[in-house]
Amino acid sequence: MDSPPLPTDPAAAEKRAARLREQLHHHNYRYYVLDDPVISDAEYDRLMAELQAIEQAWPELLTPDSPTQRIGAAPREELGTITHRLPMMSLLSIFDDEAARSFERTCRQADEEMDFVAEPKYDGLAVELVYENGVLTVASTRGDGITGEDVTDNVRTIGSVPLRIGGSGQDIPPLLEVRGEVHMRISEFRALNRRRAEQDEPLFANPRNAAAGSLRQLDSSITAVRPLALFAYDVGVVEGREFDTHWQLLQTLKQWGFVVNPEVKLCADADEMIAYHTAMTQRRDELDYEIDGVVFKVNQRPVRELLGTRSRNPRWAVAYKFPSRQETTRVAEIVASVGRLGALTPIAVVDPVQIGGVTVRNVSLHNQDEIDRQDVRIGDTVLIERAGDVIPHLVKVIPEMRDGTEQPYRLPDRCPVCSTEALHVPGQVVIRCPNMSCPAQIEGRLQHFASRGAMDIDGLGEKLAQQLVSEGLVERLPDLYHLTREQLLALDGFADRSTDNLLAAIEASKQTTLGRLLYALSIPLVGQHVAEVLASAFASIEAIRAASADELSEVDQIGPEIAQSVATFFHEPGNSATVDDLLGVGVTLQVPKTTTESVPLEGLTFVFTGILQEYTRQEAQEAVEHLGARATGSVSRKTSYVVAGAEAGSKLEKARSLGLQILTEQQFTALLRKSSGE
Ligand code: IVH
């Protein structure tokens, strides 16, 4: 990236800096608020670098609203406090339709002629942003409503917070206080937690905690890399500007550059407000941000004045809450479950509780580190959360409820199913049962073994794998090659033709490649691509089995964790015997065709969204990884292709708004064919 020469004199520098700031403000607005950028990331970075260089050379030109200030200032001793000019009140919660009607009646006593605005009730953190002559000068949390924490530096790092109010310029109040909710999108929250898990950092329990933890950092450079966003929903003091209605206020906030939620709606009466609540209850899980109810507000601002406030809540607004998604319950016991690849996962068996219409009995505690971090003990009272169709998780232990009888828990040293010694894979938190014939693993391993990218046995899917294992016909993978016609015909749903087809497919699978066999063995961390890399580097199964972790890690693209995982796998005598027996029944490995150089999609990033017909999500991801590309979960400017199946939702929308390449499933298949030289 060539940087342009610095201006030669202060006057030229000032002019250029002002121009760059203007451009960067504009592009921030297009990117964060409109979701519709008009320049590339690289071009944006170039403008930013130029401005930084000028500000470094002429520090007196640095202004608090400069886009460079989003990067984050140095850590401070502690967050100071800010007293709000007008108290930030809370909302009265209501829980049924009758209370919504009663709210309407109370409001109409002040004025018959009025309507309402219904808005989502965001589950984030309320903040107040002070703008003096259009420039953001102070930002604070709600705190106790009277005083909050000073989070100015941190708020400056949030992309959807204007550092300077946009618009025509004439209508900007000398003093403006904007109120809104800082939150983290659910997709961003998941991605953040994935990154934290990779770095072995503690996970955030939910998006709200993640947003709060990120906003209240002492070091704003940490906040800067956390994906926070703001919905504006109200104002405090506004000098020199009156608004007749709340609706008009929201439209003006939008023009000034704030993000106002598009779900806000005008409602004529309680019936319409109740309908809004019903609709949002149903749509809650589609939204990419957490809401815990809806808010109804009187639209006419003068009527608000007439209605006034109670001690802590205004009379002109209420929050109609959704049923809670969190419940407390007791941990009756903790058991270790064994996953498809042998990972031992501690599961808390809890006294059954209803959350959002579903009975929760089991909650995964993930691994020993998580148990230790949360200090979960048998007998503990715990808070459980289940958001939508998401798996329930433990938010926290409530230590105040302990009576001293609670028992700490440790995962066993041996597999609870086959008693093989469980191994700690270096660099990972999980412990695994290394025995690939462990009854807890064989069904899942068999299904994977037969899958398309592995031994490719047509007709052997989840259901048949289940049947073969439960009937005792397959206890180890090589048993598959000893199945007889009679055994298969005795199974539910098998006739002559299907039996012949399956036997033929099993027979045909014996002619395979080293890469496919390695992948089929379900060695932890060995996906299709890694399997091919190993196959090309070693060329024989004997060489791979004999290799030490150090030797394996000398191969390009094979890191120490993968190397250790492969070595540990073959070190287990049962696993090595399985390979011998597979070769013994006639599995034949052709010399690999692909070489490590053949990575036609290298450097590209794919995102899959919606339902694909021909592939599972995993198959599609592995197919691109096999060709050198990466598959990720979230759409960004850096995404090369978004493959959209049926019912694709917000990711597809985002891809469109970023102008990314979108492929149908057919186009994707064609791309794969072309790239793999078919
Ligand atoms: S208006 C007088 N609008 O709810 C209250 N608040 O209980 C003015 N909240 O601390 C606030 N979504 O964090 C308003 N659409 C919305 C909201 C909202 C969430 C939160 C806010 C506030 C709490 C009040």
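What counts and what doesn't
Residues numbered from 1 in each chain as written. Predicted model: local features only at pLDDT ≥ 70, side-chain atom pairs only at ≥ 80, totals over all residues. Heavy atoms only, no water. Helix = DSSP H or I, 4+ residues; strand = E, 2+ residues; numbered from the N terminus. Buried < 20%, exposed > 50% of the residue type's maximum accessible area, 1.4 Å probe, protein only. Polar contact = N/O pair within 3.5 Å; in protein donor to acceptor, adjacent residues only side chain to side chain. Contact = heavy atoms within 4.5 Å. Salt bridge = Lys/Arg side-chain N within 4 Å of Asp/Glu carboxyl O. Pairing = 2+ DSSP bridges. Axes fitted to C-alpha atoms, helices over the stretch in contact; angles between N-to-C directions. Near = heavy atom within 4 Å. Areas by Shrake-Rupley, 256 points an atom, 1.4 Å probe, with all protein chains shown as cover. Nonpolar A, V, L, I, M, F, W, Y, C, P; charged D, E, K, R; others polar.

S.K.: What should I look at first to understand the side chain of aspartate 380 in this one?
M.R.: Relative to the helices and strands, aspartate 380 resides in the loop between helix 11 (368–374) and strand 15 (381–385). For aspartate 380, a relative accessible area of 0% corresponds to the buried category. Reaching out from aspartate 380, the side chain makes a polar contact with the side chain of arginine 402 at a distance of 2.7 Å. Not counting the four nearest positions on each side in its chain, aspartate 380 is found in contact with Thr329, Arg330, Val331, Asp375, Val397, Arg402 and Glu406.

S.K.: Got a minute to help me understand the pattern of salt bridges in this structure?
M.R.: Close approach of charged atoms lets side chains of opposite charge pair. Using the criterion set out here, one finds 28 salt bridges in the structure. Among the ionic pairs, glutamate 128 bridges to arginine 179, the shortest N-O distance being 2.7 Å. One end of the pair, glutamate 128, is in strand 4 (residues 125–132); the other, arginine 179, is in strand 7 (residues 175–184), with 51 residues separating them in the sequence. Of the two residues examined, glutamate 128 and arginine 179, each falls in the buried class. One salt-bridge network, in which partners are shared between bridges, spans Asp375, Arg377, Asp380 and Arg402.

S.K.: Can you walk me through the sheet that holds strand 22 (residues 630–632) in this structure?
M.R.: Whether parallel or antiparallel, the strands of a sheet pair through hydrogen bonds between backbone atoms. The sheet built from four strands is open, its strands ordered 22-21-23-24 with parallel pairing. Every other strand in the sheet has two partners, leaving strand 22 and strand 24 (661–663) as the edge strands with one partner each. Across this sheet, the average inter-strand angle for adjacent strands is 30°, counted without regard to direction. The pairing of strand 21 (residues 605–609) with strand 23 (residues 641–644) spans four bridges and is classified as parallel. Across the sheet, residue phenylalanine 608 finds its bridge partner in strand 23, namely valine 643. Relative to the sheet, helix 22 (residues 617–626) contacts strand 21 and strand 22, its axis offset from that of strand 21 by approximately 165°. Together, strand 21, strand 23 and strand 24 form the strand contacts of helix 24 (residues 665–675), whose direction differs from that of strand 24 by roughly 95°.

S.K.: For this particular structure, what's the right way to read the site of the ligand?
M.R.: Near the ligand there are 14 residues, and of these Leu91, Glu119, Pro120, Glu181 and Lys297 occur at the shortest range. Taking proline 120, its main chain carries an N or O atom lying 3.0 Å from a nitrogen atom of the ligand. Measuring from a nitrogen atom of the ligand, one finds a side-chain N or O atom of lysine 297 at 2.9 Å. In the complex, the protein chains occlude 90% of the 510 Å² of accessible area that the ligand would expose alone. Of all the secondary structure elements, the ones that give two or more residues to the shell around the ligand are strand 3 (116–122) and strand 10 (291–298). Classifying every residue of the shell around the ligand by side-chain character gives eight nonpolar, one polar and five charged.

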